[in-house]
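Analysis of the macromolecular model
If you want the building blocks of each chain, they are given just below.
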Amino acid sequence: MISPERLRAELGSVILGPGGAVGSADRLCNACVDLLEVDGAAISLMREGAMHGTFGSSGELSRRLDELQFTFGEGPCLEAVRQCRQVLVDDLSDPRERRWPAFTEALLGSGVRAVAALPVTVAASPIGALDLFWHSTGSFGGDTMNEAQWVAELAALPLLGLIGERRRRSGGRR
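Quick notes on the rules
Residue positions within a chain follow its written sequence, with the count starting from 1. Given that this is a predicted model, residues contribute local features only at a pLDDT of at least 70 and side-chain atom pairs are listed and counted only at 80 or more, while totals for whole chains, interfaces and linings are drawn from all residues. To obtain the side-chain values, all non-hydrogen atoms of the structure were included, while hydrogens and water were left out. Put simply, DSSP marks the helices as runs of H or I at least four residues long and the strands as runs of E at least two long, and each gets a number from the N terminus on. Exposed residues in this analysis have more than 50% of their type's maximum accessible area, buried residues have under 20%, and partly exposed residues fall in between, with area computed by a 1.4 Å probe over protein chains only. Any two residues having at least one pair of non-hydrogen atoms within 4.5 Å are treated as being in contact. Here the Shrake-Rupley method, with its probe set to 1.4 Å, supplies the accessible areas, and only the displayed protein chains count as covering residues. Here, any two strands with at least 2 DSSP bridges between them count as paired. Working convention for charge: Lys and Arg count positive, Asp and Glu count negative, and His plus the chain ends are omitted. By salt bridge we mean one thing: a side-chain nitrogen of Lys or Arg within 4 Å of a carboxyl oxygen of Asp or Glu. By convention a nonpolar core is built from buried Ala, Val, Leu, Ile, Met, Phe, Trp, Tyr and Cys residues, the set being connected through side-chain atoms within 4.5 Å.

Let's talk about the overall build of the protein chain
Counting its secondary structure elements, the protein chain contains six helices and five strands. Starting at the N terminus and ending at the C terminus, the protein chain contains elements arranged as α-α-β-β-α-α-β-α-β-β-α. Every one of the 174 residues in the protein chain was classed for burial, and the buried ones make up 47%. Look at the contacts in the protein chain between residues 6 or more apart in sequence, and 59% of them connect residues 24 or more apart. For the protein chain, the accessible area works out to roughly 8,300 Å², and carbon and sulfur atoms hold 50% of it.

Written out as structure tokens, the structure is:
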């Protein structure tokens, strides 16, 4: 486990780097892999009640798995946003886990055995989700999920930046 001070410093530095909102989101996902001991991470954007897709990822597999949720219309990201709460599955191969059959099959086929999704909120309204992927099963430690919650809170910054960039490009229209 890393110290809370180091975690805050590392995460703060990735938000301020170059590349605009998309660069910040990718760096934040890569920081999740480095600092939270997850195997992959992705951030999705939701605007005006509709999911707009994957905004940042730690790699191609995480991006593809995150986007499959929109293809299948099911998954932890969508549930986390709808319910505005963390969604955790520590063993996707558990036969009692039947929430997302198509998405779960795709995760297991890609070697992912556990997943978490945390809503990214602004003023208590979800604007997206942070997905975390693990290749091994196991329970989520309290420290890991507390640290992941900090990341989800920071993820609001690049998502708001992206929304602002899109508004500027469209001349302020929604």
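Some points on the pairing of strand β5 (residues 125–134)
For a regular strand, the rule is simple: side chains alternate between the two faces of the sheet. Of all the 10 residues making up β5, nine are buried; the element is thus mostly covered by neighbouring parts of the structure. Examined bridge by bridge, strand β4 (residues 114–122) and β5 share nine bridges and lie antiparallel to one another. Each residue of the ladder has a partner; that of Leu118, found in β5, is Leu130. Where β4 folds back onto β5 in an antiparallel hairpin, the turn is made up of two residues, including Ala123, whose phi is positive at roughly 55 degrees.

Notes on the environment of Met46
Checked against the element boundaries, Met46 lands in strand β1 (residues 40–47). Note: C-alpha distance between Met46 and Ala129 (83 residues apart in sequence) is 8.1 Å.

Description of unusual backbone geometry
Residues other than glycine seldom take positive phi values, yet Glu37 does so here, at roughly 60 degrees. As for its position among the elements, Glu37 is in the loop between α2 (20–36) and β1. In this structure, Ala124 is a non-glycine residue whose phi angle is positive, near 65 degrees. Relative to the helices and strands, Ala124 is located in the loop between β4 and β5. A relative accessible area of 66% means that Ala124 is categorised as exposed.

Structural notes on the side chain of Glu74
Mapping Glu74 onto the fold places it in the loop between α3 (60–72) and α4 (76–83). Notably, Glu74 is buried but unbridged: the nearest opposite-charge side chain belongs to Arg82, and the N-O separation is 8.7 Å. Not counting the four nearest positions on each side in its chain, Glu74 is found in contact with Gln69, Trp100, Pro101, Ala102 and Phe103.

Some remarks on the nonpolar core
Core analysis: the largest hydrophobic core is formed by 25 residues, its most contacted members being Cys32, Ile43, Leu118, Val120, Leu130, Leu132 and Trp134. Counting only elements with at least two residues in this core, the list comes to α2, β1, β4, β5 and α6 (142–169). The element best represented in this core is α6, accounting for six residues. Grouped together as the second largest cluster of nonpolar side chains are 15 residues, Leu65, Leu92, Leu107 and Ala117 included.

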